[in-house]
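Understanding the architecture of this molecule
Residues per chain are reported as follows:
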Amino acid sequence: DRVTVGELMHDIIAKGRHLAGENPVDVVGDIADGVGTLKVARVRLSSALATFIGHAARTVPGALVRLRVAPLENAQVGFAIQMPSPPVSSEGVRQDARSSQPAMQGTHRGLALGMGLAQSIVELHGGRVTVQDRGSKGLRFVFRIPARAIRTGTTGENPIVPSHPTGPDGPT
């Protein structure tokens, strides 16, 4: 599907809040200039990324989740999700996402399942996923999609907060 980044971000946030159920979650979304329309499986990609918003809301009361979309180096677009850190490491999430027998238990096992799902969907788009442990700032997931799936342009949309510079590890 061809979809604007604004429409995709709206889908991700709405589905994430739905997955959160009655748990409160604040989501701050930001779209940098230079990313307009994407050619992606809209429902699959938005559902996969929304799982991280839902997980944050279910495991960290009053969670603040930041979602940023920006063009990256090497003709890629990045979706970065910054969420409060559950009591698991980024390495634990990476390992469990690849394992048929995850070590995480209880509610945090859902994070590894969400990571595995998102990774599969992003890889189907020719992209990749990284996860970073940012200490007290929480976990940061970056989903990269190659330019062949993208038609760039300026969206003119910036739903909540101003753009910040893009770093080598994805949107900041």
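Quantities reported herein were computed from a predicted structural model and do not represent experimental measurements. Residue positions are given per chain, counted from 1 along the sequence in the order it is written. This being a predicted model, a pLDDT of at least 70 is required before a residue's local features are given, and a value of 80 or more before pairs of side-chain atoms are given or counted; all residues contribute to the totals for chains, interfaces and linings. Only heavy atoms go into the side-chain values, all of them from the structure, while hydrogens and water stay out.

A separate point is the overall build of the protein chain. By the criteria applied, helices consist of DSSP H or I runs no shorter than four residues and strands consist of E runs no shorter than two, each listed in order from the N terminus. What the protein chain contains, in helices and strands, is 4 helices and 10 strands. Shown N-terminal to C-terminal, the secondary structure of the protein chain runs as helices and strands in the order β-α-β-β-α-β-β-α-α-β-β-β-β-β. The rule is simple: take the accessible area with a 1.4 Å probe, protein chains only, and divide by the maximum for that residue type; under 20% is buried, over 50% is exposed, in between is partly exposed. Across the 172 residues of the protein chain, 51% fall into the buried class. When checking whether two residues touch, look at their non-hydrogen atoms; a contact exists if any pair is within 4.5 Å. Across the protein chain, contacts joining residues at least 24 apart in sequence account for 73% of those joining residues at least 6 apart. Using a 1.4 Å probe, accessible areas were evaluated by the Shrake-Rupley method; residue-level cover was limited to the displayed protein chains. When the accessible surface of the protein chain is summed, it comes to about 8100 Å², and 51% of that surface belongs to carbon and sulfur atoms.

Low pLDDT marks regions whose predicted coordinates should not be analysed in detail. As a per-residue measure, pLDDT reflects the predictor's confidence and takes values from 0 up to 100. The pLDDT averaged across the protein chain works out to 75; a share of 69% of its residues lies at or above 70. In this model residues 92-104 is a low-confidence stretch, pLDDT under 50, and it forms 22 contacts with partners more than four residues away in sequence or in other chains.

Pairing in this open sheet of 5 strands is mixed, and the strands run E2-E4-E5-E7-E6 from one edge to the other. Whereas interior strands pair on both sides, the edge strands pair on one side only; in this sheet they are strand E2 (25-31) and strand E6 (128-133). Across the sheet, the mean angle separating the axes of adjacent strands is 15° when strand polarity is ignored. Think of it this way: DSSP has to see at least two bridges between two strands before they count as a pair. As paired strands, strand E4 (residues 63-72) and strand E5 (residues 76-83) are joined by 7 bridges and run antiparallel to one another. Pairing of Val69 across the sheet is with Phe79, part of E5. Sitting on the sheet, helix H1 (residues 5-20) touches E2, E4 and E5, and the angle it makes with E2 is about 170°. All axes here are fitted lines through C-alpha atoms, helices being fitted over the stretch that makes contact, and every angle between N-to-C directions spans 0 to 180 degrees. The strands that helix H2 (residues 42-59) touches are E2, E4, E5 and strand E7 (139-146); relative to E5, the one it contacts most, it runs at about 20°.

Right, let's get into the pattern of salt bridges. Throughout this description, the term salt bridge denotes a Lys or Arg side-chain nitrogen within 4 Å of a carboxyl oxygen of Asp or Glu. Taken as a whole and assessed by the stated rule, the structure comprises 3 salt bridges. Of the charged contacts, one joins Arg68 and Asp30 as a salt bridge, the two residues approaching to 3.1 Å between their closest N and O atoms. Placement of the pair is Arg68 in strand E4 and Asp30 in strand E2, with a sequence separation of 38 residues. A relative accessible area of 3% places Asp30 in the buried class. Between Arg144 and Glu73 there is a salt bridge, with its nearest N and O atoms 3.1 Å apart. On the criterion of sequence distance, the pair formed by Arg144 in strand E7 and Glu73 in the loop between E4 and E5 is long-range, its members being 71 residues apart.

Attention shifts here to the nonpolar core. We call a set of buried residues a nonpolar core when its members are Ala, Val, Leu, Ile, Met, Phe, Trp, Tyr or Cys and they connect through side-chain atoms within 4.5 Å of each other. One finds Phe79 and Phe143 to be the most contacted residues of the largest nonpolar core, which totals 38 residues. Of all elements in the fold, only H1, E2, H2, E4, E5, helix H4 (109-124), E6 and E7 reach the threshold of two or more residues within this core. Setting aside its immediate chain neighbours within four residues, Phe143 contacts Leu49, Phe52, Val77, Gly78, Phe79, Ile81, Ala118, Val122, Arg128 and Val129.

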